[in-house]
Amino acid sequence: MRKICTLELMSTKRVGSQRPIREEEVRKAMVGSIRPGEIVNLGRILGSLVCKIIWRAAFGGVEAREMEEAFFSVQHRIVQALGELSLRDVFPSSWVLRMVADRNDRRLKKLHAESDTILQEIIDAHVSRRRSDVDRATGGGDDQDLVDVLLNFTRDKAVATGEFSVTDFEIKAVITDIFFGGTHTSSVTIEWVMSELMRNPEEMEKAQKEVRRVFDGKGKAVDEASIDELHYMKLIPPLPLLVPRESRETIVIKGYQIPAKTKVAINAWAIGRDPAYWIEPDKFMPERFVNSPVNYNGDDFQLLPFGAGRRMCPGVKTGMAIVHLAVANLLYHFDWKLPNEMKPEDLDMTEVFGIVVGRKNDLHLIPTPYRAP
Ligand code: HEM
């Protein structure tokens, strides 16, 4: 299954074929959701932008506004419930948290059933569409969405070709993982990048200068074609403890015995701020990554925003494509001000507890449109 995800769902080719979706949704958000001169809730705009991108990449032509809203609402409630559960993981002996978690487990089961019904409807709609669309059914065409790609591996085809087969249950599980893995993580990353830039006006100026140097004179479109020319981005890990794992066998690391079946959390946040590896680790200093050999692909353990190894995030390329495109557009099209004459150093940077660590309070900013010379 992991192989299907890496080779089929999140391959460079697939991520490339989803580029028009990302560009169109980002463009729509810049024009439709951001009102010049008014205080805008950037957190909410980004959350809905990323959900729309992933929704279209996963479900493509299934146009059902009500279903889309119902699905996002269930996902949102699941994320909240999971946040409470992770508190129990940190304090496993707390009886209060255990009680809360038991109630939460029941709530999660109900939410899961709701999500399952919606996903089944989406799969059924795809199956009936494939009956009348030969290209989709045979796996041809770059415009296949992720459900189509997974349906290419269903039992009938597997019997004919001897390949691995995928059930409806597995399709639902993979799509759910993609939504959880891809939506909140990406929008939270963009929101933190914007927050850090607002707190550091000099860095904002440098970043905007770079974006405008690259895109001025290219019409109004800030597309992905020239994004690689932008070097000025820093990633803050929105999953500070990655995803909890369980050890399969007893192992000894640096003299510590870790029994089998231990829940293991990797503190990527602390590793990324270790002064043994980073100069002034708490300082927002995007320059540190310009010409640096350290990358975020899981090869350099001092920087692990996407994890590393076999269970590393399979959506790195999609995630970074969304983050880069959205940040470049926000910086190109608008100059940003904090509301109520707030000073940069007064911007609240409190985090909310959960698997994905977002801002406690959504980022609110005032945009002024940029007029290219
Ligand atoms: C900036 C955005 C993103 C960040 C920072 C991020 C980060 C992470 C991290 C830290 C993990 C856990 C890795 C580990 O435990 O070693 C993970 C897992 C995962 N991510 Fe992402 N991710 C992002 C975007 C995406 C996107 C866009 C998708 C899908 C399109 C995605 C899909 C997944 C999935 C399915 C997993 C679970 C993998 C497994 O358990 O094998 N992620 N992500």
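Residues numbered from 1 in each chain as written. Predicted model: local features only at pLDDT ≥ 70, side-chain atom pairs only at ≥ 80, totals over all residues.

Looking at an unreviewed UniProt entry, the protein carries the name Cytochrome P450, with the source organism given as Linum tenue. Regarding the protein, the relevant UniProt record gives this comment under Cofactor (unreviewed entry): "heme". (UniProt positions renumbered as here; feature names shortened; annotations may be inferred.)

J.: What am I meant to see in helix 3 (residues 19-32) here?
T.: At 3.6 residues per turn, the α-helix brings residues three or four places apart onto the same side. Given a rise of 1.5 Å per residue, 14 residues ought to cover 20 Å, and the 20 Å separating the end C-alpha atoms of helix 3 matches this to within 8%. Residues of helix 3 that are buried: Arg22, Glu25, Val26, Ala29 and Met30. Along the axis of helix 3, the buried residues cluster in a sector spanning 135 degrees; they form a single face. Facing away from the buried side of helix 3, by more than 90 degrees, are the exposed residues Lys28, Val31 and Gly32. (Helix = DSSP H or I, 4+ residues; strand = E, 2+ residues; numbered from the N terminus. Expected span 1.5 Å × (residues − 1). Buried ≥ 20, exposed ≤ 12 C-beta atoms within 10 Å, placed from the backbone. Arc of directions from axis to C-beta.)

J.: Any chance you could explain the site of the ligand here in plain terms?
T.: Of all residues adjacent to the ligand, which total 22 residues, the nearest are Gly181, Gly307, Cys313, Gly315 and Gly319. Breaking the shell around the ligand down by element, the ones donating at least two residues are helix 10 (168-199) and helix 13 (316-333). In terms of residue count, the dominant contributor to the shell around the ligand is helix 10 (seven residues). When its residues are assigned to classes, the shell around the ligand shows 11 nonpolar, nine polar and two charged. (Near = placed C-beta within 6 Å. Nonpolar A, V, L, I, M, F, W, Y, C, P; charged D, E, K, R; others polar.)

J.: How should I be thinking about the sheet that holds strand 7 (residues 364-369) in this particular structure?
T.: Remark on secondary structure: sheet strands pair via backbone hydrogen bonds, oriented parallel or antiparallel. Read across the sheet, three strands follow the order 1-7-6 without closing on themselves; strand pairing throughout is antiparallel. Of all the strands in the sheet, just strand 1 (40-41) and strand 6 (334-337) have a single pairing partner and so form its edges. Looking at chain direction, strand 6 and strand 7 are connected through four bridges and run antiparallel. Along strand 7, the bridge assignment pairs aspartate 335 with threonine 368. (Pairing = 2+ DSSP bridges.)

J.: How should I be thinking about the nonpolar core in this particular structure?
T.: Soluble globular proteins: nonpolar side chains tend toward being buried together. Grouped together as the largest cluster of nonpolar side chains are 58 residues, with contacts concentrated most on Ile54, Ala58, Leu146, Val147, Leu150, Ile175 and Ala326. At the level of secondary structure, the elements contributing two or more residues to this core comprise helix 3, helix 4 (42-59), helix 6 (95-132), helix 8 (146-151), helix 10, helix 11 (201-215) and helix 13. Residue contacts for isoleucine 54: discarding those within four places in its chain leaves Ile178, Phe179, Gly182 and Thr183. Grouped together as the second largest cluster of nonpolar side chains are six residues, Ala268, Tyr296, Leu303 and Cys313 included. (Core = buried A, V, L, I, M, F, W, Y, C linked by C-beta atoms within 7 Å. Contact = placed C-beta atoms within 7 Å.)

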